[in-house]
Amino acid sequence: MMGMTTRIECIFFSEFHPTLGPKITYQVPEEYISRELFDTVQVYIITKPELQNKLITVTAMGKKLIGCPVCIEHKKYSRNALLFNLGLVCDAQTNTCALEPIVKKLSGYLTTLELESGFISNEESKQKLLPIMSTLLEELNATGACTLPIDESNTIHLKLIQMRKDPPIVQEYDVPVFTQCKEHFIKSQWDLTTQQILPYIDGFRHIQKISAEADVELNLVRIAVQNLLYYGVVTLVSIFQYSNVYCTTPKVQSLIDDKSIQEECLSYVTKQGQKRASLRDVFQLYCGLSPGTTVRDLCSRYSQQLQRVDERRLIQFGLMKSLIRRLQKYPVKVIRDERSRPPRLYTGCHSYDEICCKTGISYQELDERLENDPNIVVCWK
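> Any details on the pairing of strand 4 (residues 63–67)? Residues and values, ideally.
In terms of burial, strand 4 is a largely internal element, four of the five residues being buried. In the sheet, strand 3 (residues 56–60) pairs with strand 4 via five bridges, with the strands oriented antiparallel. Bridging across to strand 4, Val58 finds its partner in Leu65. Connecting strand 3 to the antiparallel partner strand 4 that follows it, the hairpin turn spans two residues, and Met61 within it adopts a positive phi of roughly 50 degrees. Pairing between strand 4 and strand 6 (residues 81–91): four bridges, direction antiparallel. Residue Lys64 lies in a different strand from strand 6, and its bridge partner there is Cys90.

Okay, structure coming up:
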């Protein structure tokens, strides 16, 4: 379903009339584009040769118009050329990137139909455009897809492709976790590298560990996971350890307010083979996370509540849904002293996760080293 951000307000067909000049022949709904608006933008609708066959987006009078002006030159036409444009109109604030391929494709289809059968230049066949445009407007707004039979041998297929944001850069200490049931994932649809690493994506192995165990080069794993992130197949969480510290976010309230989140959460965090966990216990566990409280502390304080709850999946679900966030440790070197190595990592910009991944030392070793160095302080954030 198309969101309001990409709603099409109007579809128009404009052409160059040999005596009247540029005009709107059809528009759905009728009279949506005023004479004043058309006069303002007509030079971008029926254009000079420099702008022909190019996507053009113009904003005027609170509307955004997207078109691809077409010029077919042939001596059979009046003035030796046929100029037309089938375009879309949206609100000026609309992000129209997702609509641009639709406009380009329609322009190509109509050009082909004209070259093959004179579809546009023949007044009788051109009238078919009006019902086509009505169907197009209705179906693209309703479902984001449209199939239009033109005649016995021509059918137009259009689909709005969702424009996604660029995913974050995947680091070697990030942990990928499936956003949906892994069994629903169709392995054969993906490239060979992705297929090779899939068995190792379990929500607990970090990128560096996946690379080592799957025997795939680290950068290839990062690229494959970034691709999965782009399509929303996985999300990233931090490395799980019992020494980790977490705190709740305001979104934890959604566990009380939203029934669908409750159902999803309780199904996700309940231990296998156990009776379903209670919402009271799960909410109490999340609220027990606070600065200064490790997961180990939580387990010892709430052993009763954890009888039916898997603490690892509790943390995992909380991170995925932003109900909680991890408090990370960042070492900062306060005095320049060459004895503390590697100093470039002790700037307050590199977390324990990153330092341990890059140096190969354990959390415990890093803790011991930093505790013995008076020139280093550890910040939590």
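> Summarise the environment of Asn244; cite the residues concerned and give the values.
Relative to the assigned elements, Asn244 resides in the loop between strand 10 (234–237) and strand 11 (245–248). In this structure the C-alpha to C-alpha distance between Asn244 and Leu160, which are 84 residues apart in sequence, comes to 43 Å. If near-sequence neighbours (up to four positions away) are discounted, Asn244 is found in contact with Ile239, Thr293, Thr294, Val295 and Arg326.

> Could you give an account of the packing of helix 13 (residues 352–359) against helix 14 (residues 363–371), naming the residues involved and the relevant values?
Running from amino to carboxyl end, helix 13 crosses helix 14 at an angle of 105 degrees, the nearest separation of the two axes being 10 Å. On the basis of their axis angle, the class for helix 13 and helix 14 is roughly perpendicular. Between helix 13 and helix 14, the contacting residues are Tyr352, Asp353, Ile355 and Cys356 on the first element and Tyr363, Leu366, Asp367 and Leu370 on the second.

> Can you explain the packing of helix 6 (residues 207–214) against helix 7 (residues 218–230)? Please cite residues and give values.
Where helix 6 meets helix 7, the closest approach of the two axes is 9 Å, and the angle between their N-to-C directions is 120 degrees. Between helix 6 and helix 7 lies a crossing whose hand is right-handed. Two secondary-structure elements touch here, helix 6 through Ile207, Gln208, Ile210 and Ser211 and helix 7 through Leu218, Val221, Arg222 and Val225. The residue inventory of the contact of helix 6 with helix 7, partitioned by class, reads five nonpolar, two polar and one charged.

> Give me the lowdown on the packing of aromatic side chains, citing residues and values where you can.
Any two aromatic rings considered together are summarised by their centre-to-centre distance and by the angle between their planes. On inspection of all chains with the given rule, the structure shows seven aromatic pairs. Aromatic side chains Trp190 and Tyr231 sit 5.9 Å apart centroid to centroid with 75 degrees between the ring planes, which places their arrangement in the edge-to-face category. Note that Trp190 is positioned in the loop between strand 9 (175–178) and helix 5 (192–197) and Tyr231 in the loop between helix 7 and strand 10, a separation of 41 residues in sequence. When its relative accessible area of 17% is taken as the criterion, Trp190 is described as buried. Put simply, the rings of Phe13, Tyr26 and Phe84 pair up and form one aromatic cluster. Across from the ring centre of Tyr330, 4.6 Å away, lies the NZ or CZ of Lys381, which sits over that ring.

> Talk me through a nonpolar patch on the surface; I want residue IDs and the actual numbers.
There is a patch of nonpolar side chains on the surface, built from Val43, Tyr44 and Leu51 and spanning about 260 Å² of accessible area. Note on placement: Leu51 falls in the loop between helix 1 (35–45) and strand 3. Classification of Leu51 as partly exposed rests on a relative accessible area of 33%.

> Run through the pattern of salt bridges, naming residues and quoting values.
Taken as a whole, this structure holds eleven salt bridges when the rule is applied. One salt bridge in this structure joins Arg35 and Asp39, with 2.9 Å as the shortest N-O distance. Linking Arg35 with Asp39, this pair stays in helix 1, spanning four residues, or about one helical turn. For Asp39, a relative accessible area of 40% puts it in the partly exposed group. A network of salt bridges, in which partner residues are shared, links Glu15, Glu123 and Lys126.

Scoring rules and cut-offs
Residues numbered from 1 in each chain as written. Predicted model: local features only at pLDDT ≥ 70, side-chain atom pairs only at ≥ 80, totals over all residues. Heavy atoms only, no water. Buried < 20%, exposed > 50% of the residue type's maximum accessible area, 1.4 Å probe, protein only. Helix = DSSP H or I, 4+ residues; strand = E, 2+ residues; numbered from the N terminus. Pairing = 2+ DSSP bridges. Contact = heavy atoms within 4.5 Å. Axes fitted to C-alpha atoms, helices over the stretch in contact; angles between N-to-C directions. Parallel < 35°, antiparallel > 145°, perpendicular 65-115°, else oblique. Left-handed = near helix turned anticlockwise from the far one by under 90°. Nonpolar A, V, L, I, M, F, W, Y, C, P; charged D, E, K, R; others polar. Phe/Tyr/Trp six-rings, centres within 6.5 Å; stacked < 30°, edge-to-face > 60°. Lys NZ or Arg CZ within 6 Å of the ring centre and 35° of its normal. Patch = residues over 30% accessible without salt bridge, like charges linked within 9 Å, V, L, I, M, F, W, Y side chains within 5 Å. Areas by Shrake-Rupley, 256 points an atom, 1.4 Å probe, with all protein chains shown as cover. Salt bridge = Lys/Arg side-chain N within 4 Å of Asp/Glu carboxyl O.

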